[in-house]
Each structure stands twice: as C-alpha cells, then as structure tokens.
Amino acid sequence: MFVSYTNPKNRMLPNRDTMKISRRISEVPMSGIRKMFDLAGPDSINLGLGEPDLAPPSEAIEGMNRAASAGLNKYGPTAGIPELRDAVAKRYSMYGDLKGSNIMITPSGSSALLEITQSMVDPGDDVLIPSPGFVIYGPHAQLAGGSYTEYRLTEGDFQPDIDDIQSKIKPNTKMIVVTTPSNPTGGVLDEQTYKALCDIAADKDITILSDEVYDSFVYEGKHISFMNQLDKAVVVNGFSKMMAVTGWRMGFICANEEVMESLIRMQYHVCASPNMPAQYGILEALPNIEPYLENARSVFKARRDLISKRINEIPGMSIIPPKGAFYAFPSYDLDMPSAELANELARNGLICTPGSAFGKYGENHLRFSYAADEKKIEEGMNILEKVIGRLR
Ligand SMILES: Cc1ncc(COP(=O)(O)O)c(C=O)c1O
C-alpha cells in the first residue's frame, strides 16, 4: 500500500519503544540553520543559503549527461575513478608530490568528514572544533562515540586562537578541526597560525582535520593548505562550492596512503562507490576550471565589498571584510541573543542565520551569505538597517 509521508495524517513517527532508535542519533541535535526558513514569508530575501547561486560549468553538465547516456550508470571503484583521482592530485600538486593514491572521491564533503571521524575517532576521544564553526563537526565526533570541545576563533580576523587551543588539549585529544576559508566567518588561515597548528600537531601527536571546501574562494592573500602536511593532516575538499553543484554530492579527501587505506575501507561500507556519471562530469570540467573560478571570485568579491560596506554603515554593526568563502559574519552591539534577532529579521522579510547556530563563541553575530545577487543584498541590507535602527 502506498502511504504518502507528505500527508501529516499518514506520517508514522518513530516510536522509541518499538523502533529502538539508537541513543547515538537521538542525542544529536538537528542543525539550527534551517529553522529560520519556517518563520519567513515567501517573498523574503534569503541570505541564509550556503550554496553558490551561479550556474555550474557547462562542461560538467555535458560530461555527466554524456556519461549517463553512454551507460556509465553502474557501481564504480570505491575510491572513485582513477582518472578523476589523478586529475584532482594534479590540480593540487602545488602543495606537494600528490598522487591519485592520495585522493579519494567521496559522496560529498559532508560524508568525507563523517568517514574521517568514523575512521579516526574512538569512544573516549575528544575532538577540538572551531567556534564559531560549521555545524556538523561536533555531532560527527559524538556519532563516533567521542566528545568535542569548542575552541575560540579570534574576533575580527577569525583565526584559531592558539592559546585557547593549547589550554583545551587533554590526554584524550585526538583531532583538531580547522576550516579555511571558514564557514561561517569567511576567515582565511594566516601563515603564523598555520605554523603554530602544525607545531601542536607534531608536538602532541594530534591529527589535523582540515576542511578546505571553500579554497577556490579567496579574495585577498592566499589559501594555505594542509595538503603538504599529510604526515599529520587529513584534508577534506569538494566540488559542491567549487562548481556550484551542491545537489550532485561530490567531494574528496586528501590523505597519506596509509590513512587512505582505512578511509577506502570505510567508504566501501558507507556507499560502495561514489556517483559515476557525476564523476565524469567533474572530470570534464576540472582541468580547465580556472576561468570559471576567476569569474566566480570576481562576482563574489564585488558582493563581499557591497555587503561589508552596507553593514559598516549601520550604527552598532561592524565587520572586517572577510577574505574568503561567501559569508559575512558581522558583530552587533544590541543586548539581544542572535537567535532572537534573526527571528525578528525573518519576520521582517530577511533570512539569515544566528551566530549561536555555529557554537557558543558565535553569539552576538549574524551570518549573511552573499551567494545572492546585488539587488537582493541591497534589499536585505535595507531591512537590516531598518530593524537594527528600530531596536536601538
Ligand atoms: C565548511 C564546510 N564544510 C563542508 C561542507 C559540506 O559541503 P558538501 O557536503 O556539499 O560537500 C560545507 C557545506 O556547507 C561547509 O560549509
């Protein structure tokens, strides 16, 4: 019998007594990011989305379609097709002597992060995660039976606070997660902090998990990658943001060959192999992706300048223009929790994300995505200006 789950009358909610949902997943909260969408009207300005609004490279779409039409619709190699692993290694060869065997194609950056924690974190281990930071690192540590501790990012330029990290390292600290460029802050790791993190990893024998999914979007300075530190780091990256294909679910991991052997075994048990046609699409676009990315960077940089200028013109709000990703993470001086302020903005037609959704050190900030056109950014900032003015 067909049961429509979209009809609430037919929806069967899991019953903890009869369905035996694991404590592991019951204790992991849902992300707060999507809650704002429920409060806002249909004509709201949406600066809440973490995905590029640009079209994907046409080569990627054509390549994927061609692969599907040619019958490449079966399971593939667990670590991804060798041609794509080689192409990724070649693209990132400026960071070291990378080979296809250092790369595994994954069904998204998110699942790459999960596979790494499942492969490296044991029950009882603790993982240091950035705060404010991307929302899935902590739950992933918990799902592996471990725990997590939030470390602070410095205010303004949002670098990992090395003193705070040092003070939170315990005998069971297994891993430090670093995100550069950062979601939600747009901060880009600087050389000095990078070196300090490498020293900590070497001295204390702690693995760095570096999430670099926004590496294509750096507007000032340069991206520093942990791909040249594979003795102590595992790197996650992906194609969602790079090629504006968030729905394709395509990511990759860069790791040394010893770690890679375990990760491939983990991925076999997660999904057997990543999406075949999508890999051929990515393969078609990747070698000549630079002009596409240059255009994307110039579009996003202009929007970054616009949103930073508009925010800094609002009394009580301030931001140092972020150097990377496509998020603005300004602070505000109202005595009001960010969740409440974001709700008030949503009721007035502007969707953004409260800083507190990204951890305890995210409070008193809002996250605006500027993966939206300039007209939307202007209209959104008009609403922000009006609401903040009224609340002050
Ligand atoms: C910092 C960061 N890492 C990883 C991801 C996961 O991206 P995906 O699963 O689309 O590859 C995201 C998505 O928003 C992100 O912001």
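This text goes with the structure placed above it.
Note that the structure is a prediction, hence the values are computed from the model and not measured.

What counts and what doesn't
Residues numbered from 1 in each chain as written. Predicted model: local features only at pLDDT ≥ 70, side-chain atom pairs only at ≥ 80, totals over all residues. Heavy atoms only, no water. Near = heavy atom within 4 Å. Polar contact = N/O pair within 3.5 Å; in protein donor to acceptor, adjacent residues only side chain to side chain. Areas by Shrake-Rupley, 256 points an atom, 1.4 Å probe, with all protein chains shown as cover. Nonpolar A, V, L, I, M, F, W, Y, C, P; charged D, E, K, R; others polar. 1 Å grid on protein atoms, 1.4 Å probe; cavity = no way out; pocket = protein on both sides within 12 Å on 5 of 7 lines; lining within 4 Å. Points joined across faces, edges and corners; volume = space filled by probe spheres on them. Salt bridge = Lys/Arg side-chain N within 4 Å of Asp/Glu carboxyl O. Buried < 20%, exposed > 50% of the residue type's maximum accessible area, 1.4 Å probe, protein only. Helix = DSSP H or I, 4+ residues; strand = E, 2+ residues; numbered from the N terminus. Core = buried A, V, L, I, M, F, W, Y, C linked by side-chain atoms within 4.5 Å. Domains from an automatic or database assignment. Axes fitted to C-alpha atoms, helices over the stretch in contact; angles between N-to-C directions. Parallel < 35°, antiparallel > 145°, perpendicular 65-115°, else oblique. Left-handed = near helix turned anticlockwise from the far one by under 90°. Contact = heavy atoms within 4.5 Å. Phe/Tyr/Trp six-rings, centres within 6.5 Å; stacked < 30°, edge-to-face > 60°.

Trainee: Would you mind showing me how to read the site of the ligand here?
Mentor: Near the ligand you find 13 residues, and of these Ser110, Asp211, Tyr214, Ser240 and Lys241 are the closest. At 2.7 Å, a side-chain N or O of serine 240 approaches an oxygen atom of the ligand. Separating an oxygen atom of the ligand from a side-chain N or O atom of arginine 249 is a distance of 2.8 Å. Compared with its free state, where it exposes 400 Å², the ligand has 92% of that area covered by protein. For the shell around the ligand, a count of residues per class yields four nonpolar, six polar and three charged.

Trainee: Where do I start with empty space enclosed by the protein in this structure?
Mentor: Gaps left between atoms show up when a probe the size of a water molecule is rolled over them. Across all of its chains, the model carries two cavities of 30 Å³ or more by this definition. There is about 80 Å³ of room inside the largest cavity. Considering the residues around the largest cavity, the lining is formed by 13 residues, among which Leu153, Phe158, Pro160, Thr179 and Ser182 are closest to the centre. The class makeup of the residues in the lining of the largest cavity is eight nonpolar, five polar and no charged.

Trainee: Looking at this structure, how should I read the pattern of salt bridges?
Mentor: Opposite charge on two side chains lets them pair, provided their charged atoms get close. The full count for this structure, using the stated rule, is 21 salt bridges. Between glutamate 313 and lysine 309 there is a salt bridge whose closest N-O contact spans 3.3 Å. By relative accessible area, which is 43% here, glutamate 313 ends up partly exposed. The partner of glutamate 385 in a salt bridge is arginine 310, with the nearest N and O atoms 3.2 Å apart. Of the two residues, glutamate 385 sits in helix α14 (residues 374-391) while arginine 310 sits in helix α12 (residues 290-312), which places them 75 residues apart along the sequence. For glutamate 385, a relative accessible area of 35% translates into the label partly exposed. Under the relative-accessibility criterion, arginine 310 is labelled buried at 9%. Counted as one network, the salt bridges with shared partners bring together Arg91, Glu290 and Arg297.

Trainee: How do you make sense of the nonpolar core when you look at a structure like this?
Mentor: Soluble, globular proteins show a tendency: their nonpolar side chains are buried together. Of all hydrophobic cores here, the largest spans 118 residues; its most connected members are Phe226, Phe239, Met243, Leu366, Phe368 and Leu384. Mapping this core onto the domain boundaries places at least three of its residues in each of domain 1 (25-55 + 291-391) and domain 2 (59-288).

Trainee: What exactly am I supposed to notice about the environment of arginine 347 here?
Mentor: With respect to the helices, strands and loops of the structure, arginine 347 is situated in helix α13 (residues 338-347). Taking the C-alpha atoms as reference points, arginine 347 and glutamine 192, 155 residues apart in sequence, are found 43 Å from one another. Within the structure, the side chain of arginine 347 is placed 3.2 Å from the side chain of glutamate 344, a separation counted as a polar contact.

Trainee: What exactly am I supposed to notice about the packing of α12 against α14 here?
Mentor: Axis angle and axis distance: for two packed helices, these are the angle between their axes and the distance between the axes, and together they describe the pair. Running from N to C, α12 and α14 cross one another at 15°; their axes reach a closest spacing of 10 Å. Classified by the angle between their axes, α12 and α14 sit roughly parallel to one another. As α12 packs across α14, the resulting crossing turns out to be right-handed. In this structure, α12 contributes Ala302, Arg303, Leu306, Ile307, Arg310 and Ile311 to the contact, and α14 contributes Glu374, Ile377, Glu378, Met381, Asn382, Leu384 and Glu385. Of the residues that constitute the contact of α12 with α14, the class distribution is seven nonpolar, one polar and five charged.

Trainee: Honestly, unusual backbone geometry in this entry has me stumped. Any pointers?
Mentor: When glycine is set aside, most residues are seen to have a negative phi, and most peptide bonds are trans. Of the consecutive residues threonine 180 and proline 181, the connecting peptide bond is found in the cis state with omega at -10°. By the element assignment, proline 181 lies in the loop between β5 (173-179) and α9 (191-204). Cis geometry marks the peptide bond from asparagine 183 to proline 184; its omega dihedral reads 20°. Here proline 184 is to be found in the loop between β5 and α9. Despite not being glycine, alanine 272 has its phi angle at roughly 70°, a positive value. Examined against the element boundaries, alanine 272 turns out to sit in the loop between α10 (257-271) and α11 (276-285).

Trainee: Please explain the packing of aromatic side chains as it appears in this structure.
Mentor: Two aromatic rings are characterised by how far apart their centres lie and by the angle between their planes. One pass over the structure, following the stated rule, counts 13 aromatic pairs. With 5.2 Å between their ring centres and 35° between their planes, phenylalanine 300 and phenylalanine 326 make a pair best called tilted. Here phenylalanine 300 is found in helix α12, whereas its partner phenylalanine 326 is found in the loop between β9 (317-318) and β10 (327-328), with 26 residues between them in sequence. Residue phenylalanine 326 is classed as buried on the basis of its relative accessible area, which comes to 0%.

Trainee: What exactly am I supposed to notice about the side chain of threonine 117 here?
Mentor: Within the element layout of this structure, threonine 117 appears in helix α6 (residues 109-120). Residues in contact with threonine 117, not counting those within four places in the same chain, are His140, Ala144 and Met175.

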